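Structural characterization, general
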Amino acid sequence: MGDKAGTRVFKKSSPNCKVTVYLGKRDFVDHLDQVDAVDGVILVDPEYLKDRKVFVTLTCAFRYGREDLDVLGLSFRKDLYISTFQAFPPIAEERKPNSRLQDRLLKKLGQQAHPFYFTIPQNLPCSVTLQPGPEDTGKACGVDFEIRAFCAKSIEEKIHKRNSVRLVIRKVQYAPEKPGPQPMVETTRSFLMSDRSLHLEASLDKELYYHGEPISVNVHVTNNSTKTVKRVKISVRQYADICLFSTAQYKCPVAQVEADDQVSASSTFCKVYTLTPTLDKNREKRGLALDGKLKHEDTNLASSTIVKDVTNKEVLGILVSYRVKVKLVVSRGGDVSVELPFVLMHPKPLDLPLSPVPELDPPIDTNLIEFETNSISQDDDFVFEDFARLRLKGAVDDKDEDC
């Protein structure tokens, strides 16, 4: 039975081990026309439950200030969305048909297990983290989604960390199947005391790039003026629109090249420049937008945000886009520049309906994911994964935060 592939299920228990949440995945895909449903199962110790109810909440929050600055009752955090589901006793109006995974988990876990369901609204942003500075501590700024499960007599009751479960999930988007048209832009610039102009044309080899893929920028210059182009500067810029109380835009270069390519008067020039925007070369830039990450996992530059309805002003959070800027430095004539928008995303993963676990997994840091090996883990072709705190030498216990 040990070599049998099973359905991977994520599991997390409260510190007092009385409440356990089971989820089939932690990444929920925004397909633009609908978002994957959040459906899981919660298991509660009946002796601990007694006459209380079982609640599960889904929260989308935007943290815009360091957690260690939360003093005097002020919190640099805005809840964009909160939904509450009463798992037990069930409310008839909230009941939905169970998914296949829920039915199998309920059958396996017994009568003390209860299903829960959430639908993520489409106008909510994707999970994005703002890269902290080296001196920053606590939770990073950005947008995150969190499931919290607990037992209480009412939803207003104060909940303690030791008897509740907190599990961070992600709302993600993948690259569209049909990319847009090839980006191309041109401009013409006339100069004082020169009766002829300089023409710049720039294009990309395609509109959609995957993370880590090189970007080829084709630059063509027709210089009919009397000026000389002294230098060519190419940069990839990330634009992050922060939509909260008001809208502000921040830009950050993530890849750049500067070439001493000269274009003399009455001549032409054509060259292809290659840039590869990656996080590895930008880890020191505070405030850079990154894809939302689960704790102790590495991430990458934030993926481009695709908004189905660009006129929808209700979309809050962080909207990410990218552009390539081509700039010609002209002697005694100023600069001539153009920008080319493009999309940077992950490809859509292959559909694996049963989420099979490969026989040979790559090495994983100790205690990050613990596989149960007793019989209850492998029955009914399930593989349960415990998300445990990473215990590194010198690491501080974070009191079960964002495991």
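Rules used throughout
Residue indices begin from 1 for each chain and proceed along its sequence in written order. Where totals are concerned, whole chains, interfaces and linings use all residues; where local detail is concerned, this predicted model gives features only for residues with pLDDT of at least 70, and gives and counts side-chain atom pairs only at 80 or more. Neither water nor hydrogens contribute to the side-chain values; these are computed over all heavy atoms in the structure. Secondary structure is summarised from DSSP: a helix means a run of H or I of at least four residues, a strand means a run of E of at least two, and numbering begins at the N terminus for each. What makes two residues a contact is simply this: any of their non-hydrogen atoms within 4.5 Å. Whenever a nitrogen or oxygen atom comes within 3.5 Å of another N or O atom, the pair is scored as a polar contact, on the condition that within protein one atom can donate a hydrogen and the other can accept it, and that pairs from neighbouring residues in sequence are kept only if both atoms are in side chains. Criterion used throughout: strands pair if DSSP finds at least two bridges between them. Between 30 and 60 degrees the pair is tilted, below 30 it is stacked and above 60 it is edge-to-face, where a pair is any two Phe, Tyr or Trp rings, Trp via its six-membered ring, whose centres lie within 6.5 Å. Here's how the labels work: a residue is buried when its accessible area is under 20% of the maximum for its type, exposed when over 50%, partly exposed in between, all with a 1.4 Å probe on protein chains only. For a lysine, the NZ atom is tested; for an arginine, the CZ atom; a charge sits over a ring if that atom is within 6 Å of the ring centre and within 35 degrees of the ring normal.

What follows is about the environment of Lys-285. Along the chain, Lys-285 turns up in the loop between strand E17 (267-275) and strand E18 (289-291). In sequence terms Lys-285 and Leu-130 are 155 residues apart; their C-alpha atoms lie 9.8 Å from each other. Beyond its immediate stretch of four places on either side in the chain, Lys-285 contacts Gln-131, Cys-252, Pro-253 and Val-254. Engagement of the side chain of Lys-285 in a polar contact is seen with the side chain of Asn-282, the distance being 2.8 Å.

In this section: the pairing of strand E12 (residues 197-204). On a regular strand, one side chain projects to one face of the sheet and the next to the other, so that they alternate. Taken together, the seven bridges between strand E11 (residues 184-190) and E12 define a ladder with antiparallel strand orientation. Bridge pairing in E12 places Val-185 opposite Ala-202. The loop that links E11 with its antiparallel partner E12 comprises six residues; one of these, Met-193, has a positive phi angle of about 65 degrees. Alignment of E12 against strand E14 (residues 215-223), held across seven bridges, turns out to be antiparallel. Within the sheet, the bridge partner assigned to Ser-203 lies in E14 and is Asn-218.

For the rest of this paragraph, the subject is the packing of aromatic side chains. Tallying each qualifying case throughout the model produces six aromatic pairs. Residues Phe-116 and Phe-118 carry aromatic rings whose centres are separated by 6.1 Å and whose planes lie at 55 degrees to one another, so their mutual orientation is tilted. We note that Phe-116, like Phe-118, is buried. Through a chain of ring-to-ring contacts, three or more aromatic side chains come together here, namely Phe-85, Phe-116, Tyr-117 and Phe-118. Directly above the ring of Tyr-48 sits Arg-52, whose terminal nitrogen or CZ lies 4.3 Å from the centroid. In this arrangement the basic side chain of Arg-323 is found over the ring face of Tyr-239, its NZ or CZ atom lying 4.0 Å from the centre.

Next up on the list: the side chain of Asp-144. Counting through the fold element by element, Asp-144 comes out in strand E9 (residues 142-152). In this structure Asp-144 comes out as buried when scored by relative accessible area, which is 17%. Here Asp-144 is in contact with Thr-59, Cys-60, Ala-61 and Lys-139, once residues within four sequence places are set aside.

Here E14 shows a clear split, with Ile-215, Val-217, Val-219, Val-221 and Asn-223 buried on one side and none of Ser-216, Asn-218, His-220 and Thr-222 buried on the other. Two strands pair when backbone bridges link them, and E14 and E17 are joined in this way by nine bridges, in the antiparallel orientation. What sits directly across from Ile-215, in E17, is Leu-275.

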